[in-house]
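# Report on the structure
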Protein chains: 2
Amino acid sequence: VTKDQDGVKKNLSSDRVIINLDHGDPMMFEEYWKRNGDKCTITISGSQSLSYFSDPKNLCWFLEPEFGEEIKRLHNVVGNAITEDRYIVVGTGSTQLFQAALYALSSPGASSEPINVVSAVPYFSCYPAITDFLKSGLHKWAGDAWTYDKEEPYIEVVTSPNNPDGNVREPVVKRNGGMVIHDLAYYWPQYTPITSAADHDLMLFTVSKCTGHAGARIGWALVKDKDVAAKMKDFITISTIGVSKDSQLRAAKILRAVSESCQNTGLGNVKNIFSYGRSRMNERWERLRAVIKQNGLFSLPEYSNQFCNFLGECAEISPAFAWLESKGKIEDTESFLKGHNIITRSGKAFGVSNKYVRISMLDREETFNLLLERLSTL
Amino acid sequence: VTKDQDGVKKNLSSDRVIINLDHGDPMMFEEYWKRNGDKCTITISGSQSLSYFSDPKNLCWFLEPEFGEEIKRLHNVVGNAITEDRYIVVGTGSTQLFQAALYALSSPGASSEPINVVSAVPYFSCYPAITDFLKSGLHKWAGDAWTYDKEEPYIEVVTSPNNPDGNVREPVVKRNGGMVIHDLAYYWPQYTPITSAADHDLMLFTVSKCTGHAGARIGWALVKDKDVAAKMKDFITISTIGVSKDSQLRAAKILRAVSESCQNTGLGNVKNIFSYGRSRMNERWERLRAVIKQNGLFSLPEYSNQFCNFLGECAEISPAFAWLESKGKIEDTESFLKGHNIITRSGKAFGVSNKYVRISMLDREETFNLLLERLSTL
């Protein structure tokens, strides 16, 4: 903030601007695409994509073939997931695919009781509502996986790196007959070191967190079992008769550009989005940690570095969210920060104490700067 | 079919081609858009539409404002629905909006029992599965509205013109406390005369049947009550965190071109899609009726003409589906036609006898020609 009168005015006025870091809106990536997005521009004519069908002979008949190809290519380039012998199911974001997975894993059950859905605290705040909002007889939210002790069938959701706290995770219940959904939305090199190619039965990914194109509402699942993939396809057929072709075609073009920039096979030498994202995230985390250390009110998780196969060097964990805990007198961190016009999401929503809040690290630069400015003057 | 040897071969071979008229895939409109779609070409840059949000201050925060504007404009131009004092909720096709409406109308219920969902036979075959596939505790399928006699809360789905039989419909239960969803997917001038602007509490529309762009997966609801609209918005927020922006932007451009062609305000004098569709549908129905009359095995519904306010003249009902009934010995019309490589949907799926089948009238010209060819040689 400049020290002259105009600067002071600007500062006072900006204090009153509400900054909303409740959602993980990935606007940080906009600058990258403004500079490097030329190859991603897509033109769709009026006569394209009329049909419901994309690939009638494919199990997932509404998957655009070129999008399927680019998904496989990108995973191979990044090395974060095995795609061989997997079915790809496209969804309206990974949110829809999570529901499709619940449907697929719970619908054949001999049991007439809804199956228990658990995830270890702190768990992603949307899972309980998504599981229960229709009062489904197929599945019900059963809370924290750490304390789950029912002798009943269950589905465990493993989010790795975890939303909200960024930690690398594995299943914790580990019982016979347990089924696992691996939500790998954040398993990309800008957020976490890629230590191996994930090789689970059911893995969820989304364009939103990979490239930042959340408005496209495109996600995908890699599924080992054919029957599970077919039931997920059934869910999406019944609930939305497929997935926007326009956004799939756009996502295909974007993923292709990302793969090419990683391989330097495209025109020019564009820095790939993962390297860009990695340096931006490192820088933001460094600045945030400095402010948090200086004001002394909160603590942040500490992560240990690991070798990232994609970057070819040791890398930090730089999560898409800051998981802030108040150290002292503040009992309700969300309310406290709201009083300073910073909207965050309370730990309560993630199954833990409201001493915690989740803060998005992915917003535009000016918003992130405002956040640091306000945190530094608390 | 030509009479030379090649022609005969071609005919024999084309008999073995399976023609699938089970779905209402609107490929008939492709030819129109190839000729007249120049103004609908859309270009989306790599840096566009990253955010989840389209219009944060709108109740439906994921509705692209220009799409909302074009929806209102088109309804005004066509005169098929009132948009004043309505909330617009966009959905991933009207299928998602139907579920959002069920959620909105059933979730506040004081009753702990699921609310009954009914529709008059023959009803749209997908309603039962959509209502029941998650075994929701909010709503359950209760079958035919004509015979509904429970003294309990209910939701009646009124599809007008009706899918499968093309008839104009009104609610049939008409009891205190009953709630109605009006599915007006086919209330456009290519299918039916526009006799008045629909003015119901909750109306569903879809781009798929209006312009033929089914692959975009875009529908919209016009909703009178703010709380109902807000709950529908909640449903779509939880289930897919909004709706593809790319497809909304494309749909906006397509609807604008349609409005302009109706008003002749655009460049050139393009025949509007409704006049085009009307003449194509009339022609197809005339040809189909001639073949059906000639072979004598089946009957088709008869419709009376009405004055269409949009066309400014008397117009026939020319539904998107033919609702065929066998007159004589054929008990299972779907199986019978399947034996001739014609895939249709059995009357059973619509709650009536399997003497009936539904056949799409919207496929490509060559498919429709094959259909007539085969029906004429039964």
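This text goes with the structure placed above it.
Attention in this report is confined to the structure presented alongside it. Note that the structure is predicted; figures quoted are calculated from it, not measured.

About the criteria used
- Residues numbered from 1 in each chain as written.
- Chains lettered and ligands numbered in written order.
- Predicted model: local features only at pLDDT ≥ 70, side-chain atom pairs only at ≥ 80, totals over all residues.
- Heavy atoms only, no water.
- Contact = heavy atoms within 4.5 Å.
- Buried area = accessible area lost by both parts, 1.4 Å probe.
- Salt bridge = Lys/Arg side-chain N within 4 Å of Asp/Glu carboxyl O.
- Polar contact = N/O pair within 3.5 Å; in protein donor to acceptor, adjacent residues only side chain to side chain.
- Least-squares fit on C-alpha atoms with pLDDT ≥ 70 in both.
- Axes fitted to C-alpha atoms, helices over the stretch in contact; angles between N-to-C directions.
- Helix = DSSP H or I, 4+ residues; strand = E, 2+ residues; numbered from the N terminus.
- Parallel < 35°, antiparallel > 145°, perpendicular 65-115°, else oblique.
- Left-handed = near helix turned anticlockwise from the far one by under 90°.
- Nonpolar A, V, L, I, M, F, W, Y, C, P; charged D, E, K, R; others polar.
- Buried < 20%, exposed > 50% of the residue type's maximum accessible area, 1.4 Å probe, protein only.
- Pairing = 2+ DSSP bridges.
- Core = buried A, V, L, I, M, F, W, Y, C linked by side-chain atoms within 4.5 Å.
- Domains from an automatic or database assignment.
- Phe/Tyr/Trp six-rings, centres within 6.5 Å; stacked < 30°, edge-to-face > 60°.

On to the interface of chain B and chain A, then. With 57 residues of chain B in contact, the opposing surface of chain A contributes 57 residues. A combined buried area of about 4,800 Å² lies between chain B and chain A, and 60% of that area is made up of carbon and sulfur atoms. At the boundary of chain B and chain A, one finds two salt bridges. Here arginine 250 of chain B makes a salt bridge to aspartate 246 of chain A, at a shortest N to O gap of 2.8 Å. For the interface between chain B and chain A, the tally reads 44 residue pairs in polar contact (both at pLDDT 80 or more).

A word on the relation of the copies chain B and chain A. Superposition of the two copies of the chain requires a rotation about an axis and a shift along the axis. Once turned by 180° and shifted 0.0 Å along the axis, chain B lies on chain A with an RMSD of 0.0 Å. In the structure described here, the two chain copies are related by an operation that fits a two-fold rotation axis. When you check the interface residues of chain B against chain A, 100% turn up at the interface there too, and the contact is symmetric in its surfaces.

Residue and element names in this part refer to chain B. With their axes 9 Å apart at the nearest point, helix α3 (residues 65–78) and helix α8 (residues 245–263) run at an angle of 30° to one another. Between α3 and α8, the angle falls in the class roughly parallel. Handedness of the α3/α8 crossing: left-handed. Along the contact surface, α3 presents Glu66, Phe67, Glu70, Ile71, Arg73, Leu74 and Val77, while α8 presents Gln248, Leu249, Ala251, Ala252, Leu255, Arg256, Val258, Ser259, Glu260, Cys262 and Gln263. Here the residues of the contact of α3 with α8 are counted per class, giving 10 nonpolar, three polar and five charged.

Residue and element names in this part refer to chain A. Tracing the backbone shows threonine 211 in the loop between α6 (207–210) and β9 (219–223). The class of threonine 211 is buried, set by a relative accessible area of 0%. A polar contact is formed between the side chain of threonine 211 and the side chain of histidine 213, at a distance of 2.7 Å. Residues contacting threonine 211, with those up to four places away along its chain left out, are Phe29, Trp33, Ile254, Leu255, Val258 and Ile273.

Residues and elements named next belong to chain A. A sheet is described by the order of its strands in space; here four strands give the open sequence β10-β13-β16-β15, paired in antiparallel fashion. Whereas interior strands pair on both sides, the edge strands pair on one side only; in this sheet they are β10 (298–299) and β15 (345–346). Across five bridges, the pairing between strand β13 (residues 321–326) and strand β16 (residues 356–360) is antiparallel. By the bridge assignment, phenylalanine 321 is partnered in β16 with serine 360. Along the sheet, helix α9 (residues 273–295) makes contact with β10 and β13, crossing β13 at roughly 10°.

All names here are of chain A. Pairing is mixed in the open sheet, where seven strands are placed in the order β3-β9-β8-β7-β6-β4-β5. Only two strands of the sheet have a single partner each, and these edge strands are β3 (87–91) and β5 (139–144). In this sheet, adjacent strand axes meet at a mean angle of 25° when their direction is disregarded. Pairing geometry for strand β8 (residues 202–206) and β9, over five bridges, is antiparallel. If you follow leucine 202 over to β9, its bridge partner there is valine 223. Packed onto the sheet, helix α3 (residues 65–78) meets β3, β8 and β9 and runs at close to 70° relative to β9.

Our next topic: the nonpolar core. One finds Phe67 and Met232 of chain A together with Phe67 and Met232 of chain B to be the most contacted residues of the largest nonpolar core, which totals 219 residues. Two domains each provide a minimum of three residues to this core, namely domain 1 (5–34 + 271–376) and domain 2 (49–263) of chain B. Those residues in contact with phenylalanine 67 of chain A, other than ones at most four positions away along the chain, are Val90, Val207, Ile218, Trp220, Gln248, Ala251, Ala252 and Leu255 of chain A.

This brings us to the environment of alanine 198 of chain B. All names here are of chain B. Of note, alanine 198 is situated in the loop between β7 (179–183) and β8 (202–206). Residue classification places alanine 198 among the buried positions, given a relative accessible area of 8%. Expressed as a C-alpha distance, the spacing of alanine 198 and isoleucine 82, which sit 116 residues apart in the sequence, is 6.0 Å. The residues contacting alanine 198, other than those within four sequence positions of it, are Asn80, Ala81, Ile82, Leu184, Tyr187 and Met203.

Applying the stated criterion across every chain, the model contains 46 aromatic pairs over all chains. Aromatic pair phenylalanine 98 of chain B and tyrosine 127 of chain B: ring centres 4.8 Å apart, planes at 35°, arrangement tilted. Of this pair, phenylalanine 98 of chain B sits in helix α4 (residues 93–106) while tyrosine 127 of chain B sits in helix α5 (residues 126–132), and the two are 29 residues apart along the sequence. Residue phenylalanine 98 of chain B is classed as buried on the basis of its relative accessible area of 3%. Look at tyrosine 123 of chain B and tryptophan 141 of chain B: their rings are 4.9 Å apart centre to centre, the planes differ by 75°, and that puts the pair in the edge-to-face class. With tyrosine 123 of chain B in the loop between β4 (115–119) and α5 and tryptophan 141 of chain B in strand β5 (residues 139–144), the pair connects residues that are 18 residues apart, well separated along the chain. Each member of the pair tyrosine 123 of chain B and tryptophan 141 of chain B is classed as buried. An aromatic cluster is defined as three or more aromatic residues linked by ring pairs; in this entry it consists of Phe67, Trp188, Phe205, Trp220, Phe274 and Phe310 of chain A.

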